[in-house]
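Each chain, letter by letter, is given below.
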Protein chains: 2
Amino acid sequence: MDKVRIAIDMDDVMADTLTKALQLYKDRFGVSIPVEALHGMHLKDYLPKEHAPVVWEFLHSPGFFRDLPIMEDCQEVMKALWEKHEVFIVSAAMEFPFSLKEKHDWLQEFFPYIHWKNMVLCGDKSIINADYIIDDHAKNLVNFTGKEAYMFTAPHNMKETRFKRLNNWKEVADRFL
Amino acid sequence: MDKVRIAIDMDDVMADTLTKALQLYKDRFGVSIPVEALHGMHLKDYLPKEHAPVVWEFLHSPGFFRDLPIMEDCQEVMKALWEKHEVFIVSAAMEFPFSLKEKHDWLQEFFPYIHWKNMVLCGDKSIINADYIIDDHAKNLVNFTGKEAYMFTAPHNMKETRFKRLNNWKEVADRFL
């Protein structure tokens, strides 16, 4: 395919935010939550009501976003995407002020070829001008004005039916490489 | 006019970055540079060659962006713009990692009604999807895909002739209110 502009989300697309949150929850409360239990649900909605605020606490803690694990196959596929297309990393990070520099630094460590010109930290993603967007949140896809919005599969979005899906990074490669 | 989406730059549009840089230069070298001397020039190009790197040093120093003065009439006009239009604050901040949280915090202090959803920290502004953009840099205006790109007048851009101008915040009010 010709060179296109692709906007790619970070949390739960490039970075495994859920796995870290589940680990922190286990460390705090001693309870392991299997990923399968979150089918169609956000973690905060699954937890006992009195525990739900810890998710907010985790996400607002300094350091949370700096050492997130990388999603499977993301590094290899991203490198190839970068060489073939115009890739922008677009994260709705403004809600979490500590995450801003941490996300920059995480990208610089694990994807050092991604130029700062191609990083975007925002809130409402309707501001994004691109051909394609890949994101795990429907709210970031519904107002997209480009050619196609792809939902990257995550436990919380399993019941969503409005968008074409990319289930993993191998499928991102099949679509764009 | 009807409600439109306006993307507004921070440095040297909302925040007086130049005045702070000139003050730091004076503090370091004891030399006052009058703003008029910078007609059509960036500060780094005006300085003696051996001093030019201090501009980079200032901009990469923790704290630089946190206490910038606010441009004249910006607070009053911004409040009215916010009530009438869809305003996004869009800053090419990714080059300066320390600035990211500082810019968020500066906006929250001086423009507390501006929601995090409407803040964007990016690099290449061709990613921005809006009706209008107001910016002091030609590089941020040339690839704009909306209705009109406005150059906000600053000493460094005085020789630029390609764009319609807004010379100050009173003219922003005249155009959009």
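Draft legend 1. Focus on the overall build of chain A. Secondary structure assignment for chain A yields 7 helices and 6 strands. Going from N to C terminus, chain A has its helices and strands arranged as β-α-α-α-α-β-α-β-β-α-β-β-α. Against the 2.2 N^0.38 benchmark of 16 Å for 177 residues, chain A shows a C-alpha radius of gyration of 16 Å, consistent with a compact globule. Reported as C-alpha extents along the three principal axes, the dimensions of chain A are approximately 50 × 35 × 30 Å. The proportion of buried residues among the 177 residues of chain A is 51%. Contacts spanning at least 24 positions in sequence make up 66% of the contacts within chain A whose residues lie at least 6 apart.

Draft legend 2. The arrangement of the pairing of strand 2 (residues 86–91) of chain A in detail. All names here are of chain A. Within strand 2, 5 of the 6 residues are buried, which leaves the element mostly enclosed by the surrounding structure. Direction of pairing for strand 1 (residues 5–8) relative to strand 2: parallel, over a ladder of 4 bridges. Across the sheet, alanine 7 pairs through a bridge with phenylalanine 88, a residue of strand 2. With 3 bridges connecting them, strand 2 and strand 3 (residues 119–121) associate as parallel partners. When the sheet's bridge partners are listed, isoleucine 89 is paired in strand 3 with methionine 119. Remark: the strand 2/helix 5 (residues 99–110)/strand 3 crossover connection has right-handed handedness.

Draft legend 3. Geometry of helix 7 (residues 169–176) of chain A. Residues and elements named next belong to chain A. The complete set of buried residues in helix 7 reads Trp169, Val172, Ala173 and Phe176. Along the axis of helix 7, the buried positions cluster into a sector of 100°, meaning they face one direction only. Of the exposed residues in helix 7, the ones pointing more than 90 degrees away from its buried face are Lys170 and Asp174. Where the residues of helix 7 are buried, they touch strand 1, helix 4 (74–84), strand 4 (132–135), strand 5 (148–152) and strand 6 (164–166).

Draft legend 4. The arrangement of the nonpolar core in detail. By size, the foremost hydrophobic cluster in this structure holds 94 residues, and its most contacted members are Met14(A), Trp169(A), Ile8(B), Met14(B) and Trp169(B). Residues in contact with Met14(B), not counting those within four places in the same chain, are Ile8(B), Asp9(B), Pro69(B), Ile70(B), Met71(B), Cys74(B), Met78(B), Ile89(B), Trp106(B), Leu107(B), Phe111(B) and Trp169(B). Core analysis: the second largest hydrophobic core is formed by 30 residues, Ile128(A), Ala138(A), Phe88(B) and Ala149(B) among them.

Draft legend 5. View of the pairing of strand 5 (residues 148–152) of chain B. Residues and elements named next belong to chain B. Taking burial as the measure, the 5 residues of strand 5 include 4 buried ones, the bulk of the element. Looking at chain direction, strand 4 (residues 132–135) and strand 5 are connected through 4 bridges and run parallel. Bridge pairing links isoleucine 133 to alanine 149 in strand 5. In this structure, strand 5 lies alongside strand 6 (residues 164–166), joined through 3 bridges in parallel fashion. What sits directly across from phenylalanine 152, in strand 6, is leucine 166.

Draft legend 6. Representation of the relation of the copies chain B and chain A. Take chain B, turn it by 180°, move it 0.0 Å along the axis, and it overlays chain A with an RMSD of 0.0 Å. The symmetry that links the two subunits is that of a two-fold axis. Taken as a fraction of all interface residues of chain B, those also at the interface in chain A reach 100%, which identifies the copy contact as same-surface.

Draft legend 7. Geometry of the pattern of salt bridges. Under the criterion given, the structure shown has 28 salt bridges over all chains. Its salt-bridge partner being Asp73(A), residue Lys170(A) comes within 3.5 Å of it at the nearest N-O pair. Here the residue Lys170(A) occupies a position in helix 7, and Asp73(A) occupies one in the loop between helix 3 (53–59) and helix 4, the gap between them amounting to 97 residues. Taking the relative accessible area as the measure of exposure, Lys170(A) reaches 52% and is therefore exposed. Its salt-bridge partner being Lys44(B), residue Asp45(B) comes within 3.5 Å of it at the nearest N-O pair. You can call Asp45(B) partly exposed: its relative accessible area is 45%. It is possible to trace a salt-bridge network through shared partners that takes in Asp9(A), Lys125(A) and Asp135(A).

Draft legend 8. Geometry of the packing of aromatic side chains. For the structure shown, the criterion picks out 20 aromatic pairs over all chains. Among the aromatic residues, ring-to-ring pairing joins Phe64(A), Phe65(A) and Phe96(A) into one connected group. Residue placement shows Lys101(B) over the ring face of Phe98(A); its charged tip is 5.0 Å from the ring centre.

Draft legend 9. Structural view of the packing of helix 4 of chain A against helix 7 of chain A. All names here are of chain A. Where helix 4 contacts helix 7, the axes come no closer than 9 Å and their chain directions differ by 20°. Between helix 4 and helix 7, the angle is such that the two are roughly parallel. The hand of the helix 4/helix 7 crossing is left-handed. On helix 7, the residues that touch Cys74, Val77, Met78, Leu81 and Lys84 of helix 4 are Trp169, Val172, Ala173 and Phe176. A class-by-class count of the residues in the contact of helix 4 with helix 7 yields 8 nonpolar, no polar and 1 charged.

What counts as what
Residues numbered from 1 in each chain as written. Chains lettered and ligands numbered in written order. Predicted model: local features only at pLDDT ≥ 70, side-chain atom pairs only at ≥ 80, totals over all residues. Heavy atoms only, no water. Helix = DSSP H or I, 4+ residues; strand = E, 2+ residues; numbered from the N terminus. Rg over C-alpha atoms; globule rule 2.2 N^0.38 Å. Buried < 20%, exposed > 50% of the residue type's maximum accessible area, 1.4 Å probe, protein only. Contact = heavy atoms within 4.5 Å. Pairing = 2+ DSSP bridges. Right-handed = clockwise from strand over helix to strand, strands pointing away. Arc of directions from axis to C-beta. Core = buried A, V, L, I, M, F, W, Y, C linked by side-chain atoms within 4.5 Å. Least-squares fit on C-alpha atoms with pLDDT ≥ 70 in both. Salt bridge = Lys/Arg side-chain N within 4 Å of Asp/Glu carboxyl O. Phe/Tyr/Trp six-rings, centres within 6.5 Å; stacked < 30°, edge-to-face > 60°. Lys NZ or Arg CZ within 6 Å of the ring centre and 35° of its normal. Axes fitted to C-alpha atoms, helices over the stretch in contact; angles between N-to-C directions. Parallel < 35°, antiparallel > 145°, perpendicular 65-115°, else oblique. Left-handed = near helix turned anticlockwise from the far one by under 90°. Nonpolar A, V, L, I, M, F, W, Y, C, P; charged D, E, K, R; others polar.

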